[in-house]
Amino acid sequence: MTTTELARPIVHEITLQEVSASGMGETSAFDRTVSRTGSPFRRPWALFVGLVVAPVAIASVYFGLIASNIYVSEARFIVRSATHSDLTGLAALVQNQGFSRAADETHAVNEYFRSRDSLQILLKQHQLADILSRPEADFINRFPNFHSKNTQESLYRHFRSMITAEVEGSTGLSRLEVQAFRPEDAQRIASALLASAEAMINRLNERANRDALRYANEMLDAAAHKVTEIEAQITEYRQRERLIDVSQETTAAMEAVGRLAIELAQSRAALDQQIRLAPSAPSIGPLRERISALDKQVDSFRAKIVGTDSSIASKMQEYELLLLRRELAAKGLGLAMLNVEKARQNAQLQHLYLQTIAHPNTPDEALYPKRLFWIFIVTGVSLILFWTVLSIYRLVMEHQA
């Protein structure tokens, strides 16, 4: 065998080894890098245990063995307001009273359910603190717990999380849901909240009625005071002008002028007749004197009525203005009295109603927690997180290699 024949397989073997070594170097860069860094990600099963197995196991133990049952009591109600007409008297009593849904008051009631006032009532009258710390409650859902302080603010936040109040858009009814660790506790709190809301509605009615009555009485007092004031002004005017009634004084003066005018006309007719029949008769002188006296009396009465600053006509304007003010004040007083009577009638009516459509039930089955649902959620999120972290890490390592 020649030297050339012996060398050929050796060269071929070396070439294969170099190629093999070169290929191994390219495919194991990630493993060598991981081995060099010493990261636990070089074992995907360890990452799987940390991001998937452990969370799912914790969720299974908690939701399967530890999480307490939560019962929900539900009620439905509507807040209605009475509609009023402008009729008064017998017509108002005969007419049927109408009702409509009070949208603003409905939202106010829903907010009241989750208010601090409701919380205080439940604490004082319905032992809410004992209900929130029942032995059935787990260490996460009870109050107080490890992640919240035993303060009023923490209690208020926990209280709001167990109450749901909202208006259903399809029906217009309000829905109240209360969560508790015992069925009777959920029903008890829901009933207490409805009773408290109804008491709040009654307070609103009482406040509205009280304000309406107070305002009507104030208007009545103001109208009566105005009438009294104008009457005092009329009395002062009469005393100052020495007139009881200007209109009556004017009427009397006009009647007197009329009588004197008739008498004067008769006297003048008699004088003319006497002059034609007996021009030298001695009665002509007295007739002329009588006519002169009557003329003076007529002029005096006419001056009393019109023509001077002290005449009745100059005083008529102020007096008639006072009479007009008294008439308007009297009408205002009458309207104020009607408003008071109407306010008293309205005070006997209920303006707002909280009408319960479905009373709070006593649940016989726990609605929460949804154990399998949350276990599946934790499993899905854990798997997504595992594949995301593993993929990102491999991309980073391959880029560095």
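Every chain is numbered independently, its residues counted from 1 as its sequence is written. With the structure being a predicted model, the display of local features is reserved for residues of pLDDT at least 70 and the display and counting of side-chain atom pairs for 80 or more, all residues being used for whole-chain, interface and lining totals. Excluding hydrogens and water, the side-chain values take into account all heavy atoms of the structure.

Novice: What should I look at first to understand the packing of helix H6 (residues 116-125) against helix H9 (residues 183-241) in this one?
Specialist: The packing of two helices is summarised by the inter-axis angle and the distance between the axes. Here H6 crosses H9 at 125°, and the two axes come no closer than 11 Å. Between H6 and H9, the interaxial angle falls into the category oblique. Classified by chirality, the crossing of H9 by H6 is right-handed. Facing Ser118, Ile121, Leu122 and Gln125 of H6, the residues of H9 in contact are Arg188, Ile189, Ala192, Leu193 and Ser196. When residues are sorted by character, Ala, Val, Leu, Ile, Met, Phe, Trp, Tyr, Cys and Pro go into the nonpolar class, Asp, Glu, Lys and Arg into the charged class, and all the rest, Gly among them, into the polar class. Classifying every residue of the contact of H6 with H9 by side-chain character gives 5 nonpolar, 3 polar and 1 charged. Lines fitted to the C-alpha atoms define the axes, with helices restricted to the stretch that makes contact. Angles between their N-to-C directions range from 0 to 180 degrees. A run of H or I in DSSP becomes a helix once it reaches four residues, and a run of E becomes a strand once it reaches two; helices and strands are each numbered from the N terminus. To sort the angles, those under 35 degrees are grouped as roughly parallel, those over 145 as roughly antiparallel, those from 65 to 115 as roughly perpendicular, and the leftovers as oblique. In this scheme the crossing of two helices becomes right-handed for a clockwise turn of the near helix relative to the far one and left-handed for an anticlockwise turn of less than a right angle. It only takes one pair of heavy atoms within 4.5 Å for two residues to be counted as in contact.

Novice: What exactly am I supposed to notice about a nonpolar patch on the surface here?
Specialist: Residues Trp45, Phe48, Val49, Val53, Leu383 and Trp387 make up a contiguous nonpolar surface patch of about 590 Å² in total accessible area. Elements with a minimum of two residues in the nonpolar patch: helix H3 (44-66) and helix H13 (371-400). At 4 residues, H3 tops the list of elements feeding residues into the nonpolar patch. In this fold, Leu383 is placed in helix H13. Residues qualify for a patch when their relative accessible area is over 30% and they have no salt bridge, like charges being joined within 9 Å and the nonpolar side chains of Val, Leu, Ile, Met, Phe, Trp and Tyr within 5 Å. For the accessible areas, the method is Shrake-Rupley and the probe is 1.4 Å, while residue cover comes only from the protein chains on display. Just to be clear on terms, a salt bridge is a Lys or Arg side-chain nitrogen sitting within 4 Å of an Asp or Glu carboxyl oxygen.

Novice: Help me understand the pairing of strand S3 (residues 163-167) in this model?
Specialist: Side-chain direction in a regular strand flips from residue to residue, so the side chains alternate between the two faces of the sheet. By this definition, two strands are paired if DSSP reports at least two bridges between them. In terms of strand pairing, S3 meets strand S4 (residues 174-180) through 5 bridges, oriented antiparallel. Bridge pairing in S4 places Thr164 opposite Glu177.

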